[in-house]
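Below, each chain spelled out in residue letters.
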Amino acid sequence: MKDQYINRKYLIGSIIIIAAAALLVRLFIIQVVEKTYRLSADNNVLRYVTQYPARGLIYDRNGKLLVYNQAAYDLMVVPAQVTRMDTAEFCRLLGITLPSFRERLRAAKTYSRRASSVFLKMIAAEDYARLQETLFKYPGFYVQPRTLRKYSRPIGAHLLGYVSEVDESLIRKDPYYKSGDYIGKLGIEEAYEKELRGKRGVKIFLMDVYSRVKGSYADGRLDTVAVQGQDIISTLDEDLQEYGELLMRNKTGSIVALEPQTGEVLALVSSPNYDPGLLVGRVRSENFSKLNSDTVFRPLFNRALQASYPPGSTFKPINGLIGLQEKVITPFTMFGCNRGYLFVSCHAHSSPLDLKGGIANSCNSYFCQTFRRILENPVYPSIGDAYMSWKRYLDQFGFGKKLGIELTNELPGLVPSTAYFDKYYGKNRWKALTVISMAIGQGELGTTPLQMANMLAAIANRGYYRVPHIVKSIGNSRPINEKYLKKNIIGIDSTNFESIIAGMEEAVNGTGTARVAALKDITVCGKTGTAQNPHGKDHSVFVAFAPKDHPRIAIAVYVENAGFGATYAAPVASLMIEKYLKGQITNKDMEDRILNLNLIGQ
Amino acid sequence: MTRNASIWARIDKLSVVIFLLMIVMGWLNIYAAVYNEEHTRILDMSQRYGKQFVWIIATLVIAVFAVVTDSRFYFFFAYFIYGGLLLLLVLVLFLGKDINGARSWFQIGSLNLQPTEFAKFGTSLALASYLNARRHDLRKLSVFLTATAIFMLPALLIIMQPDMGSAVVFFALFLVLLREGMSPFVFISGVLMVVLFFFTLIFNNLYLNGGLIILAFAAAWFVVRKWKPVLAGILILIVAILAMTLVNKLIFKSMSDERILFVSALLSGAAYSIYFYSRKALQLLVIYLFLIGSLVFVNSVDFTFNHILKPHQKERIEILLGMKSDLHGTGYNVNQSIISIGSGGFAGKGYLQGTQTKFKFVPAQSTDFIFCTVGEEWGFLGSLFVIALYVVLLLRLIMLAERQRSDFSRIYGYCVISILFIHFFVNIGMASGLLPVIGIPLPFFSYGGSALWGFTILLFIFLRLDASRTEYLV
Ligand SMILES: [Zn+2]
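Report on the accompanying structure.

Rules of the game
Residues numbered from 1 in each chain as written. Chains lettered and ligands numbered in written order. Predicted model: local features only at pLDDT ≥ 70, side-chain atom pairs only at ≥ 80, totals over all residues. Heavy atoms only, no water. Buried < 20%, exposed > 50% of the residue type's maximum accessible area, 1.4 Å probe, protein only. Helix = DSSP H or I, 4+ residues; strand = E, 2+ residues; numbered from the N terminus. Pairing = 2+ DSSP bridges. Contact = heavy atoms within 4.5 Å. Buried area = accessible area lost by both parts, 1.4 Å probe. Salt bridge = Lys/Arg side-chain N within 4 Å of Asp/Glu carboxyl O. Nonpolar A, V, L, I, M, F, W, Y, C, P; charged D, E, K, R; others polar. Donors = N, O, S within 2.8 Å, 3.2 Å for Na, K, Ca; no water. Tetrahedral: all angles 85-135°; square planar, octahedral: opposite > 155°, others 65-115°. Core = buried A, V, L, I, M, F, W, Y, C linked by side-chain atoms within 4.5 Å. Axes fitted to C-alpha atoms, helices over the stretch in contact; angles between N-to-C directions. Arc of directions from axis to C-beta. Polar contact = N/O pair within 3.5 Å; in protein donor to acceptor, adjacent residues only side chain to side chain. Phe/Tyr/Trp six-rings, centres within 6.5 Å; stacked < 30°, edge-to-face > 60°. Lys NZ or Arg CZ within 6 Å of the ring centre and 35° of its normal. Parallel < 35°, antiparallel > 145°, perpendicular 65-115°, else oblique.

Attention shifts here to the pairing of strand E19 (residues 539–546) of chain A. All names here are of chain A. In terms of burial, E19 is a largely internal element, eight of the eight residues being buried. Judged by which residues are buried, E19 turns out to be covered on both faces: His 539, Val 541, Val 543 and Phe 545 on one side and Ser 540, Phe 542, Ala 544 and Ala 546 on the other are all buried. Here seven bridges tie E19 to strand E20 (residues 553–559), and the two strands are oriented antiparallel to one another. Bridge pairing in E20 places Ala 544 opposite Ile 555. Adjacent in sequence and paired antiparallel, E19 and E20 are bridged by six residues, among which His 550 carries a positive phi angle near 50 degrees.

Take a look at the structure:
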């Protein structure tokens, strides 16, 4: 058959020739016609000076500056441009030894002879002024301005994180980063790296043979401008954070304070901690390995999200709430207590008690019997089903999973599944009594201080929480991730919260276990707890929110190896609440007692 | 043996010579791009030129295999090969190694394979096989759509990786359809749409609308060769614009200038159409419809871009077009690339004498931006030589394709031509700043095993088909 389209071969051929001609014209223009790209014959060279953007600043919730930048300088070298020079004088100027000079130059040559690399990092501003005057005598060397982080107060190290130089493996993974760039590690610096870092720029300078800047190359048309990083407004209250760290000095433990309605973290203290200024500049790597190798106090370890404890009695409100929602108890259900229930003992208090009294007096018997009714609820075909239903409520409260705060290394904690018991005791071989210790927050349960503070926020809100987060807004207007704005509904009717909250109110303000936390003019609702510690003295725990109506703060305090919750954790929480709501402390004696308390023996 | 020997005797020598010349030049330029004084051994496996040396040896073996394979194999197994490669493109989305946010690579031991590069010849075989039976029906919508689907399917899978650059390559296969009888109107409209899409995003919308209208009047004059109707048309449009501006001032108050222009063009069209109808000036009607179509398209692109696309999608396109530079260093790379090529001047700086390319400032120096080294060290003469090599190869391949007796072989040949052509044009165009940054390799030059092997298979299957063109009428 005759090919009617055969002439189209000419069309295709023409397209190819026209395209090639277009390329040639373009290449002719940039290679032959246009003179700006040409470097003249006397070996002129270009110098690429990276324009590092200033990293975004970090503010607290009231607009107080937490983290800012200070100037520092990197001394750069282009080995191919280095000529004969007075090396001894140069070393004196920089305060380095001759062998160190040779080693640095060799390293730079290995990287590249013609590209510039860092010769000496982070020279302080004073030294720079001295260096600048004589630098012209040393061709091939020039100074590159950088910035270092600076902290207005030595607080919040775990939250803020730090900034370090990118390593090789990261450069390979993420094409944005180039050798010598900074990157945020841990805390806000890591979580909001993309927003904080800004955009790098580059200026191209034309240099003559003597390595003198002759001017901007191609009139700066090929330069790119650095764009400053965006500022971050964090949810922290600087004063409260500082006060929390002060209270926790010489103690091991943590404090998490949240604003209940929004889930905003007001303070997050993990003790022992460190001055964030230690991880800045040339001293960073040395200090970091020191902090990292401290296996006794583990200052880098963020207990507030990385330590999982059995919640102890602070868990009782949850079992009360689930009992009410599952309709196995009412606020008026009375349980007797004769210094304990079966093999779980209890302390002396009046008996029998209703739900409110059970919470206020932290009666073990009351919650063992409640928990038993939850697990033996005839509505469910088996104890496994009843248990899974109970576990679902815990899941709604955010237990047994990461809540999703921006910080890395958050622990999920532990709520065992039925499979765990099946494996441990054998299928159908376990009953309510086998796992009864979970009624009082012991046994296999593990929760983090952050999860406990979040639980208190959910109780304060009477049935919902917002995921705890540490950043309020980015730049002037950019909103935060939607997941932090979403209401997480627990699935427990708000009316069921009233008797529980009344019990927590009485624990603090009436005849209960936490009277030490009571404040004038502020109705604190709280619950003491003792987290069992197989390695030593138990941990003192207290969770609370205040005021009772329209709560503004929910808090969890852990003081390790300090015994009962009422002893140390409750006063710390009480002081924090007063500090946040009133701005000043009335009970100076209690404050002094806590400040002078030393539980780590140093 | 004797048959194999005769195959070698009949294989097109010129194409093979150009192929060999290109891979040798490619290797020399990769060596120059990564050259530094510390590593000078040719077989240094820690360096890219060392690895590329091994890829080249392997590609020669692959070429031999492609040639000794019976040509009927390619015909009968076309769809199987195509299906297998599509499967790999799906699998790579799940099993691929995440490099720079894209899943394009299989990691097998220390070897990374990019199925995209192999999908090109698989798709070509399938397209040739499909059109072989139906090429005379290409003006039928169903056949046209099926043929398009054959190469859009892999393109879609590649977009999902996401690798926009490689997906663009498949659009070149419209050239094959053009050769095989697709209506040139479809082709011109397609090209126009792509060009307008890019222009819309790059240029001010008002200028673009105005430019299109001026272009339409120019075309109208070109067709009728009379001043009167064209001037009358311009007058009508001006009146319409003035009227619309007045209406906007009095009633709408918020119309943008380009919206006024657009509505005016539409309104004055009513007046024109009476004229077109009375004078039976069909060509003018076509020009007018083209104009309105373009205006609608331009304005909808702008709307889609600003209102429908999500910010990150927008950003990706903006980076692709070089409108937004330096987020991942694309704009920066182009600047560096232009400096390198431009600094080469007429005769170049000489082999291994390039200074710009040694700065390690362009990360894709030996892959997508290999042409920088050519431009800097060999100058305009070198650029001319490389471009000439491609033009000679492509024209030679057209000649070979046209002498095939089977439709299958010819169509496959045009697939090879189209794919090599778009890689050549887009890659050098990107490196010289003529086209937006679309990261695709320069065939036979760029560093990378998968690309080299993919192009080699693509080319040598065709050379084999050509060598045995007299034996079977597959
Ligand atoms: Zn009791």
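Between chain B and chain A, the residue contacts involve 58 residues of the former and 47 residues of the latter. Taking both sides of the interface into account, the surface hidden between chain B and chain A amounts to around 4900 Å²; carbon and sulfur atoms contribute 68%. In this structure, the connection of chain B to chain A is made through zero salt bridges. Among the elements that line the side of chain B that touches chain A, the one with the most residues is helix H17 (residues 370–402) of chain B, at 12 residues. Classifying every residue of the side of chain B that touches chain A by side-chain character gives 28 nonpolar, 17 polar and 13 charged.

As a further point, take the pattern of salt bridges. Residues and elements named next belong to chain A. A complete count under the given rule lists 33 salt bridges over all chains for this structure. Put simply, Arg 106 and Glu 103 hold a salt bridge, and the shortest N to O gap is 3.3 Å. Of this pair, Arg 106 and Glu 103 both sit in helix H3 (residues 98–111), separated by three residues, roughly a single helical turn. A relative accessible area of 48% places Arg 106 in the partly exposed class. A residue is classified by how much of its surface remains accessible, and Glu 103, at 43% relative accessible area, is partly exposed. As a salt-bridge pair, Glu 264 and Lys 472 come within 3.1 Å of each other at their nearest N and O atoms. With Glu 264 in strand E12 (residues 264–271) and Lys 472 in strand E16 (residues 471–474), this pair connects stretches of sequence that are 208 residues apart.

Residues and elements named next belong to chain A. Listed as protein donors to the zinc ion are Cys 337 (SG), Cys 346 (SG), His 349 (NE2) and Cys 363 (SG); their distances from the metal cover 2.0 to 2.3 Å. If you look at the zinc ion, its four donor atoms make angles of 103 to 122 degrees with each other, and the shape they trace is tetrahedral. Positions of the donor residues of the zinc ion, expressed as sequence spacing, correspond to C-x8-C-x2-H-x13-C. Remark: Cys 363 occurs in the loop between helix H13 (355–360) and helix H14 (364–375) and Cys 346 occurs in the loop between strand E14 (344–345) and H13; sequence separation between them is 17 residues.

Of all hydrophobic cores here, the largest spans 122 residues; its most connected members are Phe 121, Tyr 412 and Phe 424 of chain B. Sequence-distant contacts of Tyr 412 of chain B, that is, excluding residues within four places in its chain, are made with Phe 121, Ser 124, Leu 125, Ala 128, Ile 457, Leu 458, Ile 461, Phe 462 and Leu 465 of chain B. Ile 188, Tyr 465, Ile 474 and Ala 531 of chain A belong to the second largest nonpolar core, which has 97 residues in total.

Moving on, we come to the sheet that holds strand E3 (residues 111–113) of chain B. Residues and elements named next belong to chain B. Pairing within the open sheet is antiparallel, and its three strands lie in the order E1-E2-E3. Two strands close off the open sheet at either side, each with one partner strand: strand E1 (97–99) and E3. Pairs of neighbouring strands in the sheet enclose a mean axial angle of 45 degrees, with direction left out of account.

We now examine helix H2 (residues 87–94) of chain A. Residues and elements named next belong to chain A. For H2, the set of buried residues is Phe 90, Cys 91, Leu 93 and Leu 94. All buried residues of H2 project into a common sector of 160 degrees when viewed along the axis, lining one side. In the core, the buried residues of H2 are packed alongside strand E3 (65–77), H3, strand E4 (117–123), helix H4 (125–134) and strand E5 (141–151).

Bringing the environment of Gln 325 of chain A into the picture now. Residues and elements named next belong to chain A. Of note, Gln 325 is situated in helix H12 (residues 316–325). A residue is classified by how much of its surface remains accessible, and Gln 325, at 16% relative accessible area, is buried. Residues Gln 325 and Asp 493, spaced 168 residues apart in sequence, show a C-alpha to C-alpha distance of 7.1 Å. Ignoring sequence-local partners within four residues, the contact set of Gln 325 consists of Tyr 393, Gly 491, Ile 492, Asp 493 and Asn 496. In terms of polar contacts, Gln 325 uses its side chain to reach the side chain of Asn 496, at 2.8 Å.

Attention now goes to the environment of Phe 397 of chain A. All names here are of chain A. Inspection of the secondary structure assignment puts Phe 397 in the loop between helix H15 (383–396) and helix H16 (418–425). In sequence terms Phe 397 and Ile 459 are 62 residues apart; their C-alpha atoms lie 9.6 Å from each other. If we ignore the near neighbours within four places in the chain, the residues touching Phe 397 are Ile 318, Leu 321, Asn 454, Met 455, Ala 458, Tyr 465, Ile 490 and Ile 492.

Bringing the sheet that holds E19 of chain A into the picture now. Residue and element names in this part refer to chain A. In spatial order, the strands read E12-E11-E20-E19-E18; together these five strands make up an open sheet with antiparallel pairing. The outermost strands of the open sheet, each flanked by one partner alone, are E12 and strand E18 (525–531). Strand-to-strand, the axes of this sheet are offset by a mean angle of 10 degrees, without reference to chain direction. The sheet contact formed by strand E11 (residues 253–259) and E12 spans seven bridges and is antiparallel. Within E12, the position partnered with Val 256 by the bridge is Leu 268.

Let us now look at the packing of aromatic side chains. Scanning the entire structure with this criterion turns up 43 aromatic pairs over all chains. Ring centres of Phe 90 of chain A and Phe 141 of chain A lie 4.6 Å apart, and the angle between their planes is 45 degrees; this geometry places the pair in the tilted category. Placement of Phe 90 of chain A in helix H2 and of Phe 141 of chain A in strand E5 is noted, with a sequence separation of 51 residues between them. Neither residue differs from the other here; Phe 90 of chain A and Phe 141 of chain A are each classed as buried. Aromatic pair Phe 171 of chain B and Phe 174 of chain B: ring centres 6.4 Å apart, planes at 40 degrees, arrangement tilted. Since its relative accessible area comes to 43%, Phe 171 of chain B is described here as partly exposed. Its guanidinium or amino end placed over the ring of Tyr 182 of chain A, Arg 146 of chain A lies 4.1 Å from that ring's centre, counting from NZ or CZ. Sitting above the plane of the Tyr 464 of chain A ring, Lys 487 of chain A keeps its charged end 4.5 Å from the centroid.

So, about the packing of helix H2 (residues 13–34) of chain B against helix H19 (residues 449–467) of chain B. Residues and elements named next belong to chain B. Where H2 meets H19, the closest approach of the two axes is 11 Å, and the angle between their N-to-C directions is 170 degrees. Relative to H19, H2 is oriented roughly antiparallel. Listed contacts from H19 to Ser 15, Val 16, Phe 19 and Ile 23 of H2 are Leu 452, Thr 456, Leu 459, Phe 460 and Leu 463. Of the residues in the contact of H2 with H19, the class split is seven nonpolar, two polar and no charged.

Before going further, it helps to spend a moment on the pairing of E11 of chain A. On a regular strand, one side chain projects to one face of the sheet and the next to the other, so that they alternate. Residues and elements named next belong to chain A. By the criterion of burial, E11 is predominantly enclosed, with seven of the seven residues buried. Taking every second residue as pointing to the same face, both faces of E11 are buried, with Gly 253, Ile 255, Ala 257 and Glu 259 on one and Ser 254, Val 256 and Leu 258 on the other. The hairpin formed by E11 and E12 contains four residues between the paired strands, and Gly 263 there has a positive phi angle of roughly 75 degrees. Looking at chain direction, E11 and E20 are connected through six bridges and run antiparallel. The partner of Leu 258 across the bridge, within E20, is Ala 554.

Along the polypeptide, Ser 383 of chain B turns up in helix H17. The buried category is assigned to Ser 383 of chain B, whose relative accessible area is 0%. Setting aside anything within four residues of it in sequence, one finds Ser 383 of chain B in contact with Leu 27 and Gln 31 of chain A together with Phe 371, Val 374 and Gly 375 of chain B.

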